[in-house]
Amino acid sequence: MVSPFCSRRKAFHSAAHVPAGTEGCSYSQEYELSNLDEMPLMMSEEGFENDESDYQTLPRARAGQRRGGLGWFLLGGWKLLCASPHLLNVLLRFSRNGKHARCLKLKVFLSPQVLYQQFKFFLNLYFLVVACSQFVTSLKIGYLYTYWAPLGFVMAVTMVREAVDEVRRFQRDKEMNSQLYSKLTVRGKVQVKSSDIQVGDLVIVEKNQRIPADMIFLRTSEKTGESCFIRTDQLDGETDWKLKVAVGCTQRLPAVGDLFSISAHVYAQKPQLDIHSFEGNFTRDDCEPQIHESLSIENTLWASTVVASGTVIGVVIYTGKETRSVLNTSFAQNKVGLLDLELNRLTKALFLAQVVLSVVMVALQGFVGPWFRNLFRFVVLFSYIIPISLRVNLDMGKSAYGWMITKDENIPGTVVRTSTIPEELGRLVYLLTDKTGTLTQNEMIFKRLHLGTVSYGTDTMDEIQSHIIQSYAQVSHRSPACGGSCGATPSRKPQTSGPKIRKSVSSRIHEAVKAIALCHNVTPVYESHPGVNGETESAEADQDFSDDNRTYQASSPDEVALVRWTESVGLTLVNRDLTSLQLKTPSGQILSFHILQIFPFTSESKRMGIIVREESTGEISFYMKGADVAMATIVQYNDWLEEECGNMAREGLRTLVVAKKGLSEEQYQDFENRYNQAKLSIHDRSLKVAAVVESLEREMELLCLTGVEDQLQADVRPTLELLRNAGIKVGKPRDPREAHLELNAFRRKHDCTLVVSGDSLEVCLRYYEHEFVELACQCPAVVCCRCSPTQKAQIVRLLQRHTANRTCAIGDGGNDVSMIQAADCGIGIEGKEGKQASLAADFSITQFRHIGRLLMVHGRNSYKRSAALGQFVMHRGMIISTMQAVFSSIFYFASVPLYQGFLMVGYATIYTMFPVFSLVLDQDVKPEMALLYPELYKDLTKGRSLSFKTFLIWVLISVYQGGILMYGALVLFESEFVHVVAISFTALVLTELLMVALTIRTWHWLMVLAEFFSLGCYLASLAFLNEYFGIGRVSPGAFLDLTFITTWPFLWKVSAITLVSCLPLYILKYLKRKFSPPSYSKLST
């Protein structure tokens, strides 16, 4: 019997090494006894034979015989290694890899927490109290279903919608949990579900397969050796492939099965949010001396990424809710539109009016008898003044607006991800937009190379090509004894006195192009060709350097543009792996370089570097490129860099500074020792590594300045002009100098664009927040350069905090997500940087120019329609409450309902719902006119369509119409008083239908259909609902007489009442439009 692991186990405890002989330590023994059955463990072949289903756990009885080694440390070691003694028992409980929260939610769908989410809104809670009061006999007004049916319908619509979303999420989680993966054991491969994968499992992931959990990359089948590519678009939103590196110690093992024959352990940091950093160590113990390898982000395979090349084997270190993807899954806050907040305030005003009206009715009674009970009965009686159908109508309207946006053929590909705030598109004042990929195409084109004394543009690139051809032609004709280095690369002796020797232009061009071709993270990829037996064979770099077969993969399109440019001038990158890099000269000669170190680009450092050794000469060179703000203090003194960076920036070019430094063998060995020691540090590793690297970044030779152009998308300029004419102020965060003085000086200028750098912005936000906001709000546009994602979100919150206006953020990359989620309305563009911004946004578009139609047309219509719909629904409740107040006043202020049972339910549903809801199809101006005159958008931002002024107008209309309908029915039908319910209710329905017709500005055939359908439903119901048309308790048994409603006196008197209630309003509306027409009506005529 062969044990798969060696018998030693390791643990870090207070930074001390604990050998196997100290297993009797209290914390280890306590762990063995209390948590052994809960900790996932691989077991020996002997234990595997006993019960195949129990291969993940070790029986408690065999605890003393268990052998440790790589298995234990890769399986559960990271938590024990990271834990202090008092946290040990807590941290050793591993998270399951499956997603089971959805199933639990479905089981508790009617739990108090779910119900709280529904009744935290004022409307729902109010009607719940009113409905519950009907169970009290002394407070009962009418039928129970009169109150419970509308409330149940509203709750059912909302909860069913959430239930559907929950079921869909549950099905997606179930599908993900059921995916099968190959798990490596001592008996070979075992198929396991994704949800059954545990910490420490050795998992095999094939090409194009999703990685199920966070893993350390141990081995790969790629011919390149120790690396593979993964796609991370579902993690960070970036579409470029990422290069990952296997642990060298395990990759060099002869066979996969040898993983079970070594004794080693892994240290991994505790789960963290940052997906771009990782600190860990791999130590092999069965060698003398021990082998130590530092683990970084390039050795990790995060969950939700996809293997793009080869097959990988990794050991699981984090599962379930502890994976990076789950930790970074932020449930965005539920955004509430400004219109909803305004309607909520109006609803509270209606409630106050309802209470006041009830108090007045009780006061007119003289507070006699049980007046408090009568007060509550009046509150219930006037409850329809607050329409319960308001939220349902608005929610259905929002869904209709979202459907219209999605189906608009003029903005194809638009997706509405948040259906609760379409009206916000019509209320925006500040628009914050990213530049790269949002305003531009994210397609980089090399435009300029500046060497300090000479500059080359697109029309002079042939000169650079001729210099490169001439330079390498001279090298190829030299003696082989020169090693091909004479004239190509300066020797180290001349380099020490290099600054004293003025180099020729040709030599400087050669050095610059060579540096650009070497200093990057680009990897050439060759497409696979079918083999003889149908199998795919990777095209080896030394076999196929065909330009047609080669593509470049990199994390930044800027780097690809630079490498493509060096290829166009004659120096081509043909092969690259972890340790070497090969360039092809114009003559076909291959230059080989050994990659010693790579320092990747970070948003903090704003630069990247590489140390290479040229194989032909052995010369070691340190190349670095980065932003001018980062490189200015690194390169040697010069008098042209800052000026030329400004000139290129004014041309709209993205600049990069390229520098070089030669290293002797002794200098590099000293650096390598310090660098490796810093990488093995457990505490403050990143700071120590940065300090070592910065020791090299001194007095570097400035080689060149590059300019790359990112072309604007189609129609960006007209769209920005359109937004400016619409009154929307645009801010462009692109990625502190004399802050206070410049702010004061800038205030005296008018109609100027404010440009501020990220450093200056930091100073302004910290010390001069109020002055900065005041100045920014006065400018038509603000440009913030080199902003961090946090700063972008800070600007959004700053505008929200200091202004009462609505903000919108638009971006296309993962660095824009925080800004998009912080804004009142977030718009994402699905571009080349991935889908992360698009998925996190409220609205997703494919091109920036689509934002014009999205705001000017759909934003306008959504806001106008919702404002009209909300006010009309409130009018529908206020008019019937007015009639109830008049009716109660006539009958000595008795708390008797005017309409009971199905009449109240039908009034809010089939009798008036369809015509009122058809207002979502109304429009005041045509889309073409809204785009032609964007100035119309300014009126929307003032909120005049829904305000306390318009609300009071609708209150007066409701009081007038309610009084006319009730008093008209009493006056004209005094002799037939028993029919007052039928008379007033018929006039009420006709009035509502006519008011909808008077409100509509552009007719649609569905509107006409809704009008006639509702009228037909009411007329048809008269034959079935005659028992409801009595006067209730005042005159029991007085029902509707069908012969009565067919008489001419009934018809013309009802028509007269309806005409009196509507005609004056139509006349006033006509006179207002004639003598004080709105701006849109002038254009429509």
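The name given to the protein chain in an unreviewed UniProt entry is Phospholipid-transporting ATPase, with the source organism recorded as Nothobranchius furzeri. Under the heading Sequence similarities (unreviewed entry), UniProt records this for the protein chain: "Belongs to the cation transport ATPase (P-type) (TC 3.A.3) family. Type IV subfamily." Check the Catalytic activity (unreviewed entry) section of the UniProt entry for the protein chain; it says "ATP + H2O + phospholipidSide 1 = ADP + phosphate + phospholipidSide 2."

**Q** Talk me through the nonpolar core; I want residue IDs and the actual numbers.
**A** Grouped together as the largest cluster of nonpolar side chains are 112 residues, with contacts concentrated most on Ile 827, Leu 855 and Tyr 899. With 17 residues, the top contributor of residues to this core is helix H30 (residues 850–890). Excluding its chain neighbours within four sequence positions, the residues that come into contact with Ile 827 are Leu 425, Cys 808, Ala 809, Ile 810, Gly 811, Ile 820, Ala 841, Phe 843, Ile 845, Ile 851, Leu 854 and Leu 855.

**Q** Tell me about the packing of aromatic side chains, residues and numbers included.
**A** Applying the stated criterion to the full structure yields 21 aromatic pairs. When the centroid spacing of 6.0 Å and the interplanar angle of 75° are considered together, the rings of Phe 278 and Trp 302 count as edge-to-face. In this pair, Phe 278 sits in the loop between strand S9 (264–268) and strand S10 (280–284) while Trp 302 sits in the loop between strand S12 (300–301) and strand S13 (306–307), placing the two residues 24 residues apart along the sequence. Here the aromatic residues Phe 599, Phe 622, Tyr 668, Phe 671 and Tyr 675 are joined through ring pairs into a cluster of three or more.

**Q** Which residues make up empty space enclosed by the protein, and what values do they have?
**A** Taken as a whole, the second largest cavity spans an internal volume of roughly 160 Å³. Forming the walls of the second largest cavity are 16 residues, and the residues nearest its centre are Leu 381, Tyr 384, Gln 884, Tyr 899 and Met 904. Looking at the lining of the second largest cavity, the elements with two or more residues in it are helix H9 (144–177) and H30. Considering every element that reaches the lining of the second largest cavity, the biggest residue donor is H30, with three residues. Looking at side-chain class alone, the lining of the second largest cavity contains 10 nonpolar, six polar and no charged residues.

**Q** Residue-level account of the sheet that holds strand S11 (residues 291–295), with values.
**A** Read from one edge to the other, the open sheet built from three strands follows the order S9-S10-S11, with strand pairing classed as antiparallel. Looking at which strands have only one partner, the edges of the open sheet turn out to be S9 and S11. Across the sheet, the mean angle separating the axes of adjacent strands is 15° when strand polarity is ignored. Two strands pair when backbone bridges link them, and S10 and S11 are joined in this way by five bridges, in the antiparallel orientation. Across the sheet, Thr 283 pairs through a bridge with His 292, a residue of S11.

**Q** How would you sum up the side chain of His 858? Please name residues and give values.
**A** Summarising the element assignment, His 858 is placed in helix H30. Ignoring any residue separated from it by four or fewer positions in sequence, one finds His 858 in contact with Met 404, Ile 405, Asp 408, Ile 411 and Arg 853.

**Q** I'd like a rundown of the environment of Leu 946, residues and numbers included.
**A** Looking at the element boundaries, Leu 946 is found in the loop between helix H34 (936–941) and helix H35 (948–972). The class for Leu 946 is buried, based on a relative accessible area of 3%. When the C-alpha atoms of Leu 946 and Lys 864 are compared, they prove to be 8.6 Å apart, with 82 residues separating the residues in sequence. Aside from chain neighbours lying at most four places away, what touches Leu 946 is Leu 339, Glu 342, Leu 343, Leu 346, Tyr 863, Ala 867 and Gln 871.

**Q** Quick one: what's the story with the pattern of salt bridges, residue by residue and with numbers?
**A** Summed over all chains, the structure comprises 27 salt bridges. The shortest N-O distance in the salt bridge between Glu 423 and Lys 398 comes to 2.9 Å. One end of the pair, Glu 423, is in the loop between strand S15 (415–416) and strand S16 (428–433); the other, Lys 398, is in helix H14 (residues 389–406), and 25 residues separate them in sequence. Take Glu 423: its relative accessible area is 1%, and that puts it in the buried class. The class of Lys 398 is buried, set by a relative accessible area of 3%. With a closest N to O distance of 3.3 Å, Glu 769 and Arg 801 form a salt bridge. On the criterion of sequence distance, the pair formed by Glu 769 in helix H26 (residues 769–778) and Arg 801 in helix H27 (residues 789–802) is long-range, its members being 32 residues apart.

**Q** So what about the side chain of Asp 816? Which residues, and what values?
**A** Position of Asp 816 relative to the elements: it lies in the loop between strand S33 (806–811) and helix H28 (817–822). At 2.8 Å, the side chain of Asp 816 forms a polar contact with the side chain of Lys 792. There is a polar contact of 3.1 Å between the side chain of Asp 816 and the backbone nitrogen of Asp 812. Sequence-distant contacts of Asp 816, that is, excluding residues within four places in its chain, are made with Asp 434, Lys 792 and Gly 811.

**Q** Which residues make up helix H21 (residues 665–679), and what values go with them?
**A** In this model H21 runs 21 Å from its N-terminal to its C-terminal C-alpha over 15 residues, within 8% of the 21 Å that 1.5 Å per residue would give. Taken residue by residue, H21 has Tyr 668, Phe 671, Tyr 675 and Ala 678 as its buried positions. The buried residues of H21 occupy one face: seen down the axis, they fall within an arc of 90°. Residues of H21 that are exposed and point more than 90 degrees away from the buried face comprise Glu 666 and Gln 677. Elements in contact with the buried residues of H21: strand S25 (590–599), strand S26 (607–614), strand S27 (620–626) and helix H22 (685–694).

**Q** Hey, could you go over the sheet that holds strand S8 (residues 241–245) for me, with residue numbers and the actual values?
**A** Taken in spatial order, the three strands line up as S8-S7-S13 in an open sheet, and their pairing is antiparallel. For this open sheet the edge positions go to S8 and S13, each flanked by a neighbour on one side alone.

**Q** Give me the lowdown on helix H20 (residues 641–650), citing residues and values where you can.
**A** Because each turn of an α-helix spans 3.6 residues, side chains separated by three or four positions end up pointing in the same direction. When we look at burial in H20, the residues that qualify are Leu 641, Glu 644, Cys 645 and Met 648. For H20, the angular spread of buried residues about the axis comes to 105°, placing them on one side. Looking at H20, the residues exposed on the side facing more than 90 degrees away from the buried face are Glu 642, Glu 643 and Arg 650. Of the surrounding secondary structure, the elements contacted by the buried residues of H20 are strand S17 (440–450), helix H19 (628–631), strand S28 (653–663) and strand S29 (701–712). A positive phi of about 85° marks Gly 652, the residue just after H20.

**Q** Tell me about the pairing of strand S5 (residues 202–205), and please be specific about residues and values.
**A** What you see with S5 is no split at all: Leu 202 and Ile 204 on one side and Val 203 and Val 205 on the other are buried throughout. Here strand S3 (residues 180–185) runs beside S5; their pairing, made up of three bridges, is antiparallel. From the neighbouring strand, Lys 183 faces S5, where its bridge partner is Val 203. By the bridge criterion, four bridges tie S5 to strand S14 (residues 312–318) in an arrangement that is antiparallel. Of the residues in S14, the one forming a bridge with Val 203 is Gly 314.

Calculation criteria
Residues numbered from 1 in each chain as written. Predicted model: local features only at pLDDT ≥ 70, side-chain atom pairs only at ≥ 80, totals over all residues. Heavy atoms only, no water. UniProt positions renumbered as here; feature names shortened; annotations may be inferred. Core = buried A, V, L, I, M, F, W, Y, C linked by side-chain atoms within 4.5 Å. Buried < 20%, exposed > 50% of the residue type's maximum accessible area, 1.4 Å probe, protein only. Helix = DSSP H or I, 4+ residues; strand = E, 2+ residues; numbered from the N terminus. Contact = heavy atoms within 4.5 Å. Phe/Tyr/Trp six-rings, centres within 6.5 Å; stacked < 30°, edge-to-face > 60°. 1 Å grid on protein atoms, 1.4 Å probe; cavity = no way out; pocket = protein on both sides within 12 Å on 5 of 7 lines; lining within 4 Å. Points joined across faces, edges and corners; volume = space filled by probe spheres on them. Nonpolar A, V, L, I, M, F, W, Y, C, P; charged D, E, K, R; others polar. Pairing = 2+ DSSP bridges. Axes fitted to C-alpha atoms, helices over the stretch in contact; angles between N-to-C directions. Salt bridge = Lys/Arg side-chain N within 4 Å of Asp/Glu carboxyl O. Polar contact = N/O pair within 3.5 Å; in protein donor to acceptor, adjacent residues only side chain to side chain. Expected span 1.5 Å × (residues − 1). Arc of directions from axis to C-beta.

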